[in-house]
Amino acid sequence: MKRIAILGSTGSIGTQALDVIKANPDSFELEVLTAHSNADLLIQQALEFNPNTIVIANENLYDKVQDALQHTDIKVYAGANALCAVVEMGTVDMVLTAMVGYAGLQPTIRAIKAGKHIALANKETLVVAGQLITDLAKAHGVNIYPVDSEHSAIFQCLSGEFHNPIEKIILTASGGPFRGRTAADLATVTKAQALKHPNWDMGAKITIDSASLMNKGLEVIEAKWLFGLKNEQIEVVVHPQSIIHSLVQFEDGSIKAQLGLPDMKLPIQYALGYPNRLKSDFPRFNFMDYPQLTFEQPDLETFRNLALAFKAMEQGGNMPCILNAANEIAVSAFLRDEVGFLQMSDIIESCMAKVAYIANPSFEDYVTTDREAREKAIQLINN
Ligand code: NDP
Ligand code: MG
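A quick note: this is a predicted structure, and the numbers were derived from the prediction, not measured. (Residues numbered from 1 in each chain as written. Chains lettered and ligands numbered in written order. Predicted model: local features only at pLDDT ≥ 70, side-chain atom pairs only at ≥ 80, totals over all residues. Heavy atoms only, no water.)

Asker: I'd like to hear about the overall build of the protein chain, residue by residue, with values.
Answerer: For the protein chain, the helix and strand inventory stands at 16 helices and 11 strands. In summary, the protein chain has a C-alpha radius of gyration of 20 Å against a globular reference of 21 Å for 383 residues, a match within 12%. Reported as C-alpha extents along the three principal axes, the dimensions of the protein chain are approximately 60 × 50 × 40 Å. For the protein chain, buried positions account for 55% of its 383 residues. Partitioning the intrachain contacts of the protein chain with sequence separation of at least 6 by distance along the chain shows that 67% fall at a separation of at least 24. Surface exposure of the protein chain reaches about 16400 Å², of which carbon and sulfur atoms provide 49%. Of the charged side chains in the protein chain, 31 are positive and 44 negative, and the gap between their average positions amounts to 0 Å. (Helix = DSSP H or I, 4+ residues; strand = E, 2+ residues; numbered from the N terminus. Rg over C-alpha atoms; globule rule 2.2 N^0.38 Å. Buried < 20%, exposed > 50% of the residue type's maximum accessible area, 1.4 Å probe, protein only. Contact = heavy atoms within 4.5 Å. Areas by Shrake-Rupley, 256 points an atom, 1.4 Å probe, with all protein chains shown as cover. Lys, Arg positive; Asp, Glu negative; His and termini not counted. Charge placed at Lys NZ, Arg CZ, Asp CG, Glu CD.)

Take a look at the structure:
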């Protein structure tokens, strides 16, 4: 029986994780649920799953949540500090980081320091501070299990191969809704078009990242840290059907791939249940439904965010933190119709050029860098 804390239970990953936990009552017990502003859903989840503790990050909603649950013995807390404290509870074995963005960094650090294993969906944490997080995990004997489908695929391919060196990994990318478009096309695409992903139904931020290929860029950096790879060992190939979730090539030239229908419940369940494969009733893949699996080179000139992410990884230090912060601001501005699709790359590139570079950042340096990059990005948007 694993006792689970879910950070971000009201989101796309969070709600699917709850489905997995509900379907496997003998394997998992739910200890902690947290959300930011969706108090109604958090209350409903708390009543259904009866966790020990819940946190609403938005403190203005504390009274509402507390009132709704006062007839239960569920403990209710509010605020960002509470998020960090609940992951340290003695009754928690594993923390699923399913909140979005930089806000996931601090609670993940606190969970690792408390010796909790991490099921990591919040890729931004590894993008911002990959070195710090992987060093901390090593020091505290904590495992980080990937939830991201590509990284789960690689992790599954590596099962039984941990002593065999990797020659390279190949991350697959669907290409998003704008695959094959030119820069001129992208200049006029709308938020509604960008939010329509062909294969996956996800939160708004990652859906925009998928349309701009920033998501794949973040995943390249995520893979570097998860699997201890050199930059040149990571490749991206566009595979529009999203059936092959990623591949590993070993030193004998053999390539292993993991396949399945695009359904996040599988990688979520694999991360929570590792090392066991739990029986599931997820829809099965049928080759006859997919007579062709196709592959293309990613277009790094049109989708500049992917090129910028590779560049940030190569420069190292706090550059991926700058990239991430600028991207978070650019995406939220795009979602408010304040900037166009292509302007997002301009903002990120400009922040990467202007925010001070630090080769060996400390935790405090990341905090400062994140703030400076956000301020710079906001300035660029307002001018
Ligand atoms: P959603 O936007 O659907 O959900 C985000 C969750 O985090 C919600 O529960 C939200 O609460 C909470 N949250 C948002 N901001 C904060 C904050 N500042 N403090 C505390 N909680 C917060 O995102 P997804 O589920 O799509 O993505 C979550 C993470 O998983 C991201 O890092 C994403 O990149 C990654 N991921 C997602 C995949 C997917 O299929 N969705 C696939 C692979 C990775 P509320 O709703 O109450 O405001
Ligand atoms: Mg992914």
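Asker: Quick one: what's the story with the coordination of the magnesium ion (ligand 2), residue by residue and with numbers?
Answerer: Distances from the magnesium ion (ligand 2) to its protein donors, Asp 148 (OD), Glu 150 (OE) and Glu 219 (OE), fall within 2.1 to 2.2 Å. Along the chain, the residues donating to the magnesium ion (ligand 2) are arranged with the sequence spacing D-x1-E-x68-E. With Asp 148 in the loop between strand S7 (144–146) and helix H7 (149–158) and Glu 219 in helix H11 (residues 214–227), this pair connects stretches of sequence that are 71 residues apart. Taking relative accessible area as the criterion, Asp 148 reaches 7% and is therefore assigned buried. A residue is classified by how much of its surface remains accessible, and Glu 219, at 1% relative accessible area, is buried. (Donors = N, O, S within 2.8 Å, 3.2 Å for Na, K, Ca; no water.)

Asker: Can you tell me about the UniProt feature "binding site: NADPH" (unreviewed entry) in the protein chain, naming the residues and giving the values?
Answerer: The feature "binding site: NADPH" (unreviewed entry), as annotated in UniProt, sits at Thr 10, Gly 11, Ser 12, Ile 13, Asn 38, Asn 122, Glu 124 and Gly 203 in this numbering. According to the relative accessible area criterion, Ser 12 is partly exposed, its value standing at 25%. Not counting the four nearest positions on each side in its chain, Ser 12 is found in contact with Asp 201, Met 202 and Gly 203. With respect to the helices and strands, Glu 124 occurs in helix H6 (residues 123–139). Of the residues examined, Glu 124 reaches a relative accessible area of 6% and is grouped as buried. Beyond its immediate chain neighbours, meaning those up to four positions away, Glu 124 contacts Val 100, Gly 101, Tyr 102, Lys 205, Asn 324 and Glu 328. At 3.4 Å, the side chain of Glu 124 and the backbone nitrogen of Gly 101 are in polar contact. (UniProt positions renumbered as here; feature names shortened; annotations may be inferred. Polar contact = N/O pair within 3.5 Å; in protein donor to acceptor, adjacent residues only side chain to side chain.)

Asker: So what's going on with helix H14 (residues 319–335)? Which residues, and what values?
Answerer: If you check H14, its first and last C-alpha atoms are 24 Å apart, about what 17 residues at 1.5 Å a residue would give, namely 24 Å. Counting buried positions along H14 yields 15 of 17 residues, so the element is predominantly enclosed. One or two positions beyond H14, positive phi appears at Asp 337, with a value near 60°. (Expected span 1.5 Å × (residues − 1).)

Asker: Can you explain empty space enclosed by the protein? Please cite residues and give values.
Answerer: Scanning the entire structure with this criterion turns up one cavity of 30 Å³ or more. For the largest cavity, the full set of lining residues is Leu 186, Ser 212, Thr 302, Phe 303, Arg 304, Asn 305, Phe 341, Leu 342, Met 344 and Ser 345. If you list the elements that add at least two residues to the lining of the largest cavity, you get helix H13 (304–315) and helix H15 (343–354). In terms of residue class, the lining of the largest cavity is built from five nonpolar, four polar and one charged. (1 Å grid on protein atoms, 1.4 Å probe; cavity = no way out; pocket = protein on both sides within 12 Å on 5 of 7 lines; lining within 4 Å. Points joined across faces, edges and corners; volume = space filled by probe spheres on them. Nonpolar A, V, L, I, M, F, W, Y, C, P; charged D, E, K, R; others polar.)

Asker: Run through the site of ligand 1, naming residues and quoting values.
Answerer: Neighbouring residues of ligand 1: 25 residues in total, closest Thr 10, Ser 12, Asn 38, Glu 124 and Gly 203. With respect to ligand 1, the side chain of Glu 124 contributes an N or O atom lying 2.7 Å from an oxygen atom. Considering ligand 1 on its own, with 900 Å² of exposed area, one finds that the protein chains cover 85% of that surface. Of all the secondary structure elements, the ones that give two or more residues to the shell around ligand 1 are helix H1 (12–23) and H6. When grouped by side-chain class, the residues that make up the shell around ligand 1 number 12 nonpolar, 10 polar and three charged. (Near = heavy atom within 4 Å.)

Asker: Tell me what's going on with unusual backbone geometry, and back it up with residues and numbers.
Answerer: In this model, Tyr 274 is joined to Pro 275 through a cis peptide bond whose omega is 10°. Its place among the elements puts Pro 275 in the loop between helix H12 (265–273) and H13. In the Ramachandran plot, Leu 213 falls in the positive-phi region, its phi being about 65° despite a non-glycine side chain. Its location among the elements puts Leu 213 in the loop between helix H10 (204–212) and H11. What makes Leu 213 buried here is its relative accessible area of 6%. Unlike most non-glycine residues, Ser 242 shows phi in positive territory, near 50°. One can find Ser 242 in the loop between strand S9 (234–238) and strand S10 (244–250). On the accessibility criterion, Ser 242 (6% relative accessible area) is buried.

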